[in-house]
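Architecture at a glance
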Amino acid sequence: MIDSFDGLSTRLIIEGGRRLEGTLHAPGAKNAALPIMAAAILAEGETVLHRVPRITDVDVMTAILESLGARVREQPGGTMVIDTSSVNSYAPPYALVSRLNASFDVTGALIARFGRAEVPQPGGCVIGPRAVDLHLRGFEALGVEIDLEHGAIIANAPSLNGATIALAKRSVGATKNIMLAATKARGTTVIENAALEPEVVDLADFLCAMGARIRGQGTPTITIDGVRKLHGCEHTVIPDRVVAGTYLIAGAITGGDVTLQGLDPAMLEALADKLRATGAAVDAQGVSVRVQGIPAWKPVDVVTAPYPGFATDLQAPFVAYLSLAKGTSLVEETIFDARFVYVSELARMGADIKVSGRNAAVTGVERLKDAVVEAPDIRAGGALVLAALAAEGTSQIGGLEFIDRGYEFIEAKLTALGASAMRVSGVAPVLPAADITVTETLPRIVTPYAP
Ligand code: EPZ
């Protein structure tokens, strides 16, 4: 159920300068939960998912499934039951699809179930164009006819036949969508240069639990032997490495001591290596990762890359940390065209960052100062929260509707670690906030568009 909500008047108020300390459990991964929810369309029955994160992107995907005829029940503790036996439409509405790029994942599932899909193009967003050409070329290789009508992709597949598809780019979305469409194709599909991301592996594992025959997930070659029918199953979504990474950086940037539990440390190895290079202590053991910050840390250069490289989704949070390092770090963004859009907001807090195209030189400053800032996207929101935690004074972060898309209960989790963080509504963007009211429950916010 989606509430309309004036996100602009809701802000996160963070009083900086507190050392964060404690342990959090990693929530379920947004970028695994969303395609897995879409994949439930293939079950033609009931699917039970555990560790579904309580974020607004999940609300939108729920609404999309309901618009197609599915019944979705949320249970306490992050369990979701999706019954897709009564799905009777292959055309989700623009008003929902346009709200998140991951909604395009329903295309592969609808093609596999109905041989047809009519899905509005996801378009672009603030971090850069979000092309789907590789998804479409992959569908075509399986025998799908693709047309474009009124901005929507019209996919029509009288029959689906396995094929070998070599992706020109290691695209997460294209790998997921082609895998979905190929599950019920006749014969064998091979995806070459497939994305290695853990979220792709989780989707493949979920599809296998539904009866799909997929092997090679987590390697550059994924092989899918088509089956006639899939069935419902029970599955636990993998933990969110980006959310976990953001809280670990919160430990480092506040000179604190934060542990994230319930996740495979291998998922965070690239981040752990860079944190260690700055001098922070990172201890990865069993299913937990602990970061202990230090008072003064060294700069380090970072180049984002597909998994297992340094995640583009952690670029902005890590830049917030580097903005207080003792020296200059060079950061190169190789995945998205415009993923330094948040830099002007960090600059309001005193950060010294010079951007040239996909490169940024981040020169550490002595201190960050409080400011009124606006999050332009999910992960930039994470970066602004981190900067505010370390800054002197009390910052106001707007654009909470973006942060809520990817970070569940953010103020509660920060508070649990010892931060002073409060969600308030009715605040003019001026400090001090005289007549603020604390919002008591997490608002279910949906915004017009973003990653
Ligand atoms: C996924 O986006 C994630 N989103 C992103 O997380 C993440 O940043 C990204 O993977 C990279 O890891 C979801 O999983 C919902 P891609 P996706 O296809 O699938 C180009 C977040 O904050 N490309 O690997 O869209 C594309 O333009 C979000 O949680 C084509 O050119 O990523 C981009 O430059 C943000 N043609 C690059 O490839 C295509 O057909 C990587 O895209 C497809 C992609």
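Residues numbered from 1 in each chain as written. Predicted model: local features only at pLDDT ≥ 70, side-chain atom pairs only at ≥ 80, totals over all residues. Heavy atoms only, no water.

It is worth spelling out the site of the ligand at this point. Residues in contact with the ligand amount to 23 residues; listed here are only the nearest, Asp133, Leu134, Ser171, Asp313 and Ile335. Ser171 is positioned such that a nitrogen or oxygen atom in its side chain is 2.6 Å from an oxygen atom of the ligand. Put simply, the parts of the chain that give the shell around the ligand at least two residues each are α1 (30–39), α5 (133–141) and α6 (172–182). Both domains that furnish three or more residues to the shell around the ligand are identified here as domain 1 (9–27 + 240–427) and domain 2 (30–236). (Near = heavy atom within 4 Å. Polar contact = N/O pair within 3.5 Å; in protein donor to acceptor, adjacent residues only side chain to side chain. Helix = DSSP H or I, 4+ residues; strand = E, 2+ residues; numbered from the N terminus. Domains from an automatic or database assignment.)

To continue, consider the nonpolar core. Met179, Leu207, Phe318, Tyr321 and Leu414 are the most contacted members of the largest nonpolar core, which totals 153 residues. In terms of domain composition, this core takes at least three residues from each of domain 1 (9–27 + 240–427) and domain 2 (30–236). Excluding residues that lie within four positions of it along the chain, Tyr321 makes contacts with Ile249, Ala252, Ile253, Leu275, Thr278, Ala280 and Trp297. (Core = buried A, V, L, I, M, F, W, Y, C linked by side-chain atoms within 4.5 Å. Buried < 20%, exposed > 50% of the residue type's maximum accessible area, 1.4 Å probe, protein only. Contact = heavy atoms within 4.5 Å.)

The next thing to look at is the pattern of salt bridges. Overall, the coordinates contain 25 salt bridges when judged by the stated rule. The salt bridge partner of Arg241 is Glu199, with a shortest N-O separation of 2.8 Å. Highlighted residues: Arg241 in helix α8 (residues 241–253) and Glu199 in helix α7 (residues 198–209), separated in sequence by 42 residues. Since its relative accessible area comes to 6%, Glu199 is described here as buried. (Salt bridge = Lys/Arg side-chain N within 4 Å of Asp/Glu carboxyl O.)

Assignment of secondary structure puts Leu386 in helix α12 (residues 378–390). It is 9.8 Å that separates the C-alpha atoms of Leu386 and Ala316, two residues lying 70 residues apart in sequence. Those residues in contact with Leu386, other than ones at most four positions away along the chain, are Thr246, Ile249, Ala250, Ile253, Pro317 and Ala320.

So, on to the layout of surface pockets. Considering only enclosed or pocket space, the largest pocket measures out at about 1,200 Å³ in volume. The set of elements that each furnish at least two residues to the lining of the largest pocket consists of α1, α5, α6, α8 and α12. The leading source of residues in the lining of the largest pocket is α1, at 4 residues. If you count residues domain by domain, the lining of the largest pocket takes at least three from each of domain 1 (9–27 + 240–427) and domain 2 (30–236). The space that makes up the second largest pocket amounts to roughly 290 Å³. Lining of the second largest pocket is provided by 20 residues; of these, Ile253, Pro295, Trp297, Leu324 and Ala390 occupy positions nearest its centre. Of the residues in the lining of the second largest pocket, the class split is 11 nonpolar, 3 polar and 6 charged. (1 Å grid on protein atoms, 1.4 Å probe; cavity = no way out; pocket = protein on both sides within 12 Å on 5 of 7 lines; lining within 4 Å. Points joined across faces, edges and corners; volume = space filled by probe spheres on them. Nonpolar A, V, L, I, M, F, W, Y, C, P; charged D, E, K, R; others polar.)

Looking now at the sheet that holds strand β12 (residues 188–192). Taken in spatial order, the 4 strands make up an open sheet running β11-β12-β14-β13, and their pairing is mixed. Edge positions in the sheet fall to β11 (164–166) and β13 (213–215), since each of these pairs with one other strand and no more. Direction aside, the axes of adjacent strands within the sheet are offset by 15 degrees on average. Strand direction decides the pairing type here: β12 and strand β14 (residues 221–225), joined by 5 bridges, are antiparallel. Opposite Glu192, over in β14, you have Thr221 as the bridge partner. (Pairing = 2+ DSSP bridges. Axes fitted to C-alpha atoms, helices over the stretch in contact; angles between N-to-C directions.)

Geometrically, the link from Tyr307 to Pro308 is a cis peptide bond, its omega value of 10 degrees lying close to zero. Mapped onto the elements of the fold, Pro308 is located in the loop between β19 (302–303) and α10 (315–322). The backbone of Arg51 sits at a positive phi, close to 55 degrees, despite the residue not being glycine. The topology assignment puts Arg51 in the loop between β3 (46–50) and α2 (56–67). Here the phi dihedral of His150 falls at roughly 50 degrees; this positive angle occurs in a residue that is not glycine. Secondary-structure assignment places His150 in the loop between β9 (145–149) and β10 (152–156). Overall, the relative accessible area of 86% leaves His150 in the exposed class.

Before going further, it helps to spend a moment on the pairing of strand β1 (residues 10–15). Of all 6 residues that make up β1, 5 are buried, and the element is covered over most of its length. Taken together, the 6 bridges between β1 and strand β25 (residues 420–425) define a ladder with antiparallel strand orientation. When the sheet's bridge partners are listed, Ile14 is paired in β25 with Ala421.

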